[in-house]
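Per-entry structural report
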Amino acid sequence: MSLQSKVAVVTGSTSGIGLALARTFAKDGANVVINGFGDAAAIEKERAGIESEFGVKCLYSPADMSKGEQVTEMIRTAEKQFGRVDVLVNNAGIQHVAPIEDFPDDKFEAIIRINLLAAFYATKAAVPGMKARGWGRIINTASAHALVASPFKSAYVAAKHGIAGLTKTVALEVATHHITANAICPGYVWTPLVEHQIPDTMKARNMTKEQVISDVLLEAQPTKEFVTVDQISALALFLTSDAAASITGAMLSIDGGWTAH
Ligand code: NAD
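Residues numbered from 1 in each chain as written. Predicted model: local features only at pLDDT ≥ 70, side-chain atom pairs only at ≥ 80, totals over all residues. Heavy atoms only, no water.

Section: the overall build of the chain
Helices and strands together make up the secondary structure of the chain, namely eight helices and seven strands. By its C-alpha atoms, the chain is 50 × 40 × 35 Å across when sized along the principal axes. Going through the 261 residues of the chain one by one, you find that 51% of them count as buried. For the chain, restricting intrachain contacts to residue pairs at least 6 apart in sequence, the fraction spanning at least 24 positions comes to 72%. Accessible surface, the chain: about 11600 Å² in total, of which carbon and sulfur atoms supply 55%. Across the chain, the centroid of the 23 positively charged side chains sits 6 Å from that of the 26 negatively charged ones. (Helix = DSSP H or I, 4+ residues; strand = E, 2+ residues; numbered from the N terminus. Buried < 20%, exposed > 50% of the residue type's maximum accessible area, 1.4 Å probe, protein only. Contact = heavy atoms within 4.5 Å. Areas by Shrake-Rupley, 256 points an atom, 1.4 Å probe, with all protein chains shown as cover. Lys, Arg positive; Asp, Glu negative; His and termini not counted. Charge placed at Lys NZ, Arg CZ, Asp CG, Glu CD.)

Written out as structure tokens, the structure reads:
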């Protein structure tokens, strides 16, 4: 268990990819901080379940990733409670699908704040401790949309391309401190984030749900299969290992061949 006695913070981990990552790190021995929105009782059940199932400590942070000061406070709280943050996964994200001329200003700004600025604030807060201890792993959940674009997703694509730039820059700055920074770039993963964008895509493209799944989502993915959260978790866990010490500043596609086009 390579993460024994280490501490991992995973933003946006009450659901989907983030929850799978938090559980994977906990299974590998890490104390974890989970974060995100949702039903309070369900979150507490998940938090307590992680502790009892994996024999680690699990803290829930309700920090709103759209608010820089709350992001910073989440890292400070993790350091106070657990003494350190060794692994930081910037994963919280939202999506909105609309043509550029109709794109709501508040949605665009929220996507930039949650999908991009939160990663800046969390990384800025976590790096000094990582440097002091001489070890760290920063993993940003980017997207195939960090590398290529799709219509009607201007905010998301802009934020994810921004994450790519942030990841590479941070990787260069911390390279001599045994800290790596990488971006995982998944194709479509069946999570609430994807499920919720189907109605808007149906409207924007005048399609049925089945058409959106086959002609929009899986159309881009040569394997014609959704990526699974377990596949992403395995990649992230590898990135935390010593074997991955030389992988830094990388955009790691896990997209069923999408960006090979
Ligand atoms: P999801 O909707 O299942 O999970 C998103 C998480 O972020 C939830 O825990 C939610 O509560 C949290 N969150 C949202 N707004 C927040 C805020 N303001 N403050 C704190 N937490 C907040 O989605 P997912 O598919 O698991 O997405 C996770 C990440 O993976 C996102 O960055 C997304 O862009 C990325 N991604 C997803 C896919 C996909 O196909 N699902 C593909 C590529 C990249």
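So, next bit.
Some words on the nonpolar core
In terms of nonpolar packing, the biggest core is built from 42 residues, with Val 9, Met 65, Met 74, Ile 75, Leu 88 and Ile 138 touching the most fellow members. Only β1 (7-10), α3 (68-82), α4 (105-133), α5 (154-174) and β6 (179-186) provide two or more residues apiece to this core. Tallying contributions element by element places α4 first for this core, with ten residues. If we skip the residues at most four places from it in the chain, Ile 75 touches Val 9, Val 85, Leu 88, Ala 122, Ala 125 and Ala 126. Ala 26, Ile 184, Val 227 and Ala 236 belong to the second-largest nonpolar core, a separate cluster that totals 30 residues. (Core = buried A, V, L, I, M, F, W, Y, C linked by side-chain atoms within 4.5 Å.)

With respect to the pattern of salt bridges
Under the criterion given, the structure shown has nine salt bridges. With a shortest N-O distance of 3.4 Å, Arg 23 and Glu 46 are connected by a salt bridge. Highlighted residues: Arg 23 in helix α1 (residues 16-27) and Glu 46 in helix α2 (residues 40-54), separated in sequence by 23 residues. For Arg 23, a relative accessible area of 25% gives the class partly exposed. Judged by its relative accessible area of 26%, Glu 46 is partly exposed. (Salt bridge = Lys/Arg side-chain N within 4 Å of Asp/Glu carboxyl O.)

Quick word on α3
The end-to-end C-alpha distance of α3, which contains 15 residues, comes to 21 Å, matching closely the 21 Å that a straight helix rising 1.5 Å per residue would cover. Along α3, the residues classified as buried are Gly 68, Val 71, Met 74, Ile 75, Ala 78, Glu 79 and Phe 82. Looking straight down α3, one finds its buried side chains confined to an arc of 130 degrees; they lie on one side. Seen from the buried face of α3, the exposed residues on the opposite side, beyond 90 degrees, are Glu 69, Lys 80 and Gln 81. Looking at the packing, one finds that the buried side of α3 touches β1, β2 (31-35), β3 (58-61), β4 (87-90) and α4. Gly 83 occupies a position one or two residues after α3 and carries a positive phi of about 85 degrees. (Expected span 1.5 Å × (residues − 1). Arc of directions from axis to C-beta.)

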